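Architecture and fold: a report
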Amino acid sequence: MRGFFGTLTAAALITASTLAATAQTTQTTQTAPGTAPGKALYLSHCAVCHQDSGAGGLKLGTAVSADLRSPGLETTYRNSDALIMRAILEGKDEEGGPLDAPMPHWKGQLTEQQAGQILIYLKTLCCSAAPETKSED
Ligand code: HEC
């Protein structure tokens, strides 16, 4: 009898924790799974210059904000998450040269984890025009 109740309790516990986990996921995922934190960070930190859509194209002084949508961003950065993370955190382009102001360097303001969440969200944004052929820079 003891064994039977033991099993029952364990089963009940598992059910309860599964339910709790499910409730949590439904709460945070409005769009695709895992993009909600990045979307919130993007909208509060980046959209002012890169637009809600990620299309960029705003004139900011002498610079124009970049199009951050797929697949152009990944193509420019040779499909390297590490290079895109460096662009966000250190303001460096795919060659390691400085991105134009006013693109901020986010290191110190965003953690690597937060930048990673933004990157996951950026990858869901579609579609940039055909991959840029950078004429001069
Ligand atoms: C104050 C305006 C501003 C804000 C805020 C801003 N950016 Fe930018 N960003 C720019 C500009 C301007 C460029 C283009 C720089 C260049 O062409 O050298 C740029 C370029 C970039 C690039 C390089 C794209 C490429 O094609 O080389 C990435 C990646 C980027 N921004 C990501 C972000 C992210 C992520 C955020 C939010 C955490 C953000 N930016 C916030 C202005 C901004």
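Residue positions are counted from 1 within each chain, in the order its sequence is given. Residues qualify for local features only when their pLDDT is at least 70, as the model is predicted, and side-chain atom pairs are given and counted only at 80 or more; totals for whole chains, interfaces and linings, by contrast, use all residues.

When helices and strands are tallied, the chain shows six helices and two strands. Secondary structure elements follow DSSP: runs of H or I no shorter than four residues count as helices, runs of E no shorter than two count as strands, and numbering proceeds from the N terminus. Along the chain, helices and strands appear, N-terminal first, in the series α-α-α-β-β-α-α-α. Residue burial is a threshold on neighbouring C-beta atoms within 10 Å of the residue's own C-beta, all placed from the backbone, with 20 or more meaning buried, 12 or fewer meaning exposed, and counts in between meaning partly exposed. For the chain, the residues scored as buried account for 19% of the 137 residues in total. Restricting to contacts in the chain with at least 6 residues of sequence separation, those with at least 24 account for 51%. The contact criterion used is a C-beta to C-beta distance within 7 Å, with each C-beta placed from the backbone.

A few words now on the packing of helix 5 (residues 81-90) against helix 6 (residues 112-122). Viewed as axis vectors pointing N to C, helix 5 and helix 6 meet at an angle of 115°, and their least axial separation amounts to 10 Å. By crossing handedness, the relation of helix 5 to helix 6 is classed as right-handed. For the pair formed by helix 5 and helix 6, the contact residues are Asp81, Ile84, Met85, Ile88 and Leu89 on the first element and Glu112, Ala115, Gly116, Ile118 and Leu119 on the second. Looking at side-chain class alone, the contact of helix 5 with helix 6 contains seven nonpolar, one polar and two charged residues. Axis definition: a line fit to C-alpha positions, over the contact stretch in the case of helices; interaxial angles, taken between N-to-C directions, run 0 to 180 degrees. When the near helix sits turned anticlockwise from the far one by under a right angle, the crossing is termed left-handed; a clockwise turn instead gives a right-handed crossing. Three categories are distinguished: nonpolar for Ala, Val, Leu, Ile, Met, Phe, Trp, Tyr, Cys and Pro, charged for Asp, Glu, Lys and Arg, and polar for the others, with Gly belonging to the last.

Right, let's get into the site of the ligand. We call a residue near a molecule or strand when the C-beta position, derived from backbone atoms, sits within 6 Å of it. Around the ligand sit 23 residues in total, of which Cys46, Cys49, Ala66, Asp100 and Met103 are the nearest. For the shell around the ligand, the secondary structure elements donating two or more residues are helix 3 (47-50), helix 4 (72-76) and helix 5. The class makeup of the residues in the shell around the ligand is 17 nonpolar, four polar and two charged.

Let us look at the packing of helix 2 (residues 36-45) against helix 6. Running from amino to carboxyl end, helix 2 crosses helix 6 at an angle of 100°, the nearest separation of the two axes being 7 Å. Judged by the inter-axis angle, helix 2 sits roughly perpendicular to helix 6. Of the residues in helix 6, those touching helix 2 at Pro37, Gly38, Lys39, Leu41 and Tyr42 are Gln114, Gln117, Ile118, Ile120 and Tyr121. For classification purposes, angles smaller than 35 degrees are called roughly parallel, those larger than 145 roughly antiparallel, those between 65 and 115 roughly perpendicular, and all remaining angles oblique.

Any set of buried Ala, Val, Leu, Ile, Met, Phe, Trp, Tyr and Cys residues joined through C-beta atoms within 7 Å is what this text calls a nonpolar core. If you look at the biggest cluster of nonpolar residues, it comprises 14 residues, and the most contacted ones within it are Leu68, Ile88, Ile118 and Leu122. Elements that contribute at least two residues to this core include exactly helix 5 and helix 6. When residues of this core are assigned to their parent elements, the largest contribution, four residues, is made by helix 6. For Ile118, the contacting residues outside a window of four places in its chain are Gly38, Leu41, Tyr42, Cys46 and Ile88.

Residues Ser70 and Pro71 are joined by a peptide bond in cis, for which omega reads -5°. Here Pro71 shows up in the loop between strand 2 (63-64) and helix 4. Here Ala101 and Pro102 are connected by a cis peptide whose omega angle stands at 5°. At Asn79, a position not held by glycine, the phi torsion is positive, near 55°. Within the element layout of this structure, Asn79 appears in the loop between helix 4 and helix 5.

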